[in-house]
Each structure stands twice: as C-alpha cells, then as structure tokens.
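Examining the three-dimensional arrangement
Each chain, letter by letter, is given below.
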Amino acid sequence: MAKTYDFPGELIAAQQELNQVRADLEALYERLPYSVEPMEAWQRPEGYWLATSRAYPDSPGWSEQEQQQVAALREKERDLTGVILTHAFWSEVPGPERPDARSQLKHALEREDGEGQEAA
C-alpha cells in the first residue's frame, strides 16, 4: 500500500488554486479563435497528418484583452507551480518518495470530496 501524506493546508490550497487556474485557462482557450493573430481561412491538404482534409475558417485573432487574460492566467499558473514546487513540505519527504507524494497532492482534493476513492 502506498504511503499517504499529511499535506499542509496552504499546499493543498495552492494546488486547488492551480487546478482552478488551469480549468479557467482551458475554458478560455476553447472560446478563443484558433489563431492569436488574424488569419485567412485555410485548408489542410489531404494526407497531411490525417487522411482527411480539414478546413479552418477566417480567424479574427485574439483581442488585446484576450491576450492579456491568457498572459495573466499563464503567469498565475507559473507562480502557483513555483509555490508548490518550492514549499518547505517537500524537504520532509525522502527524494525517492517525492514523485508519488506529488501525485497524491494533485489528487488530494478528490480524496477530500470522496471522489476517486476505491471501495474497501
């Protein structure tokens, strides 16, 4: 059985915020045009990556505000990742156990909510 860790509250909070920032960034990407810069419609040639062709419509590009939103979320993601990776908690975990501990932190919120737990 894998060892479990008692993560500090601020580390769990940082992971929770990171999860939310990543979800916000993903949702933003889904709403944005496919191209940052304005681009005319184009079609991928047959046999290029896939056997079928795929047409792309004109892209108006991203507005300055949209570019700023993406940049702000990416910066927040980097900052939170730094907070998590440099937290003093990791010095208490032996080196070979850190990858497993990091994985457990990523899923700690699911366990707290009762999601993702296997039946006993």
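What comes next is a walk through the structure. (Residues numbered from 1 in each chain as written. Predicted model: local features only at pLDDT ≥ 70, side-chain atom pairs only at ≥ 80, totals over all residues. Heavy atoms only, no water.)

**Regarding the packing of helix H1 (residues 9-31) against helix H2 (residues 64-85)**
In the contact formed by H1 and H2, the axes pass within 9 Å of each other and the chain directions differ by 155°. By the angle between their directions, the pair H1 and H2 is classed as roughly antiparallel. The two elements H1 and H2 cross, and the hand of that crossing is left-handed. Contact residues: Leu11, Ala14, Gln15, Glu17, Leu18, Val21, Arg22, Asp24, Leu25, Leu28 and Tyr29 in H1; Gln69, Val70, Leu73, Arg74, Lys76, Glu77, Leu80, Thr81, Val83 and Ile84 in H2. Grouping the constituent residues of the contact of H1 with H2 by class yields twelve nonpolar, three polar and six charged. (Axes fitted to C-alpha atoms, helices over the stretch in contact; angles between N-to-C directions. Helix = DSSP H or I, 4+ residues; strand = E, 2+ residues; numbered from the N terminus. Parallel < 35°, antiparallel > 145°, perpendicular 65-115°, else oblique. Left-handed = near helix turned anticlockwise from the far one by under 90°. Contact = heavy atoms within 4.5 Å. Nonpolar A, V, L, I, M, F, W, Y, C, P; charged D, E, K, R; others polar.)

**Notes on the packing of aromatic side chains**
Within the structure shown, the criterion is met by seven aromatic pairs. Summarising the aromatic geometry, the rings of Phe89 and Trp90 are spaced 5.1 Å apart at their centres and angled 75° between planes, so their arrangement reads as edge-to-face. Here Phe89 and Trp90 have matching classes, each one buried. Following the ring pairs from residue to residue traces out a cluster consisting of Tyr5, Phe7, Phe89 and Trp90. (Phe/Tyr/Trp six-rings, centres within 6.5 Å; stacked < 30°, edge-to-face > 60°. Buried < 20%, exposed > 50% of the residue type's maximum accessible area, 1.4 Å probe, protein only.)

**Examining the nonpolar core**
Counting residues in each nonpolar core, the largest one holds 22 residues, and the members touching the most others are Phe7, Leu11, Ile84, Phe89, Trp90 and Leu105. Those elements giving two or more residues to this core turn out to be H1, H2, helix H3 (98-106) and helix H4 (108-113). Take this core: its biggest share by element is seven residues, from H1. (Core = buried A, V, L, I, M, F, W, Y, C linked by side-chain atoms within 4.5 Å.)

**With respect to H2**
One turn of an α-helix holds 3.6 residues; hence residues three or four places apart share an orientation. The terminal C-alpha atoms of H2 lie 31 Å apart, and with 22 residues this matches the ideal 32 Å at 1.5 Å per residue to within 8%. Those residues of H2 that fall on the buried side of the exposure criterion are Val70, Leu73, Leu80 and Ile84. Mapping the buried residues of H2 onto a view down its axis gives an arc of 95°, with all of them on the same face. Exposed residues lying more than 90 degrees from the buried face of H2 are Glu64 and Arg78. (Expected span 1.5 Å × (residues − 1). Arc of directions from axis to C-beta.)

**Some thoughts on the side chain of Ser59**
Mapping Ser59 onto the fold places it in the loop between strand S2 (54-56) and H2. Leave out the neighbours within four places in its chain, and Ser59 touches Pro33, Tyr34, Ser35, Glu37, Pro38 and Met39.

**A short note on the pattern of salt bridges**
Under the defined criterion, the tally for this structure stands at three salt bridges. Of the charged contacts, one joins Lys76 and Glu17 as a salt bridge, the two residues approaching to 3.1 Å between their closest N and O atoms. Within this pair, whereas Lys76 is found in helix H2, its partner Glu17 is found in helix H1, the two being separated by 59 residues in sequence. Look at Lys76 and you get partly exposed, because its relative accessible area is 34%. One salt bridge connects Arg22 with Glu77, and the closest N-O pair in it is separated by 2.8 Å. Here Arg22 is found in helix H1, whereas its partner Glu77 is found in helix H2, with 55 residues between them in sequence. (Salt bridge = Lys/Arg side-chain N within 4 Å of Asp/Glu carboxyl O.)

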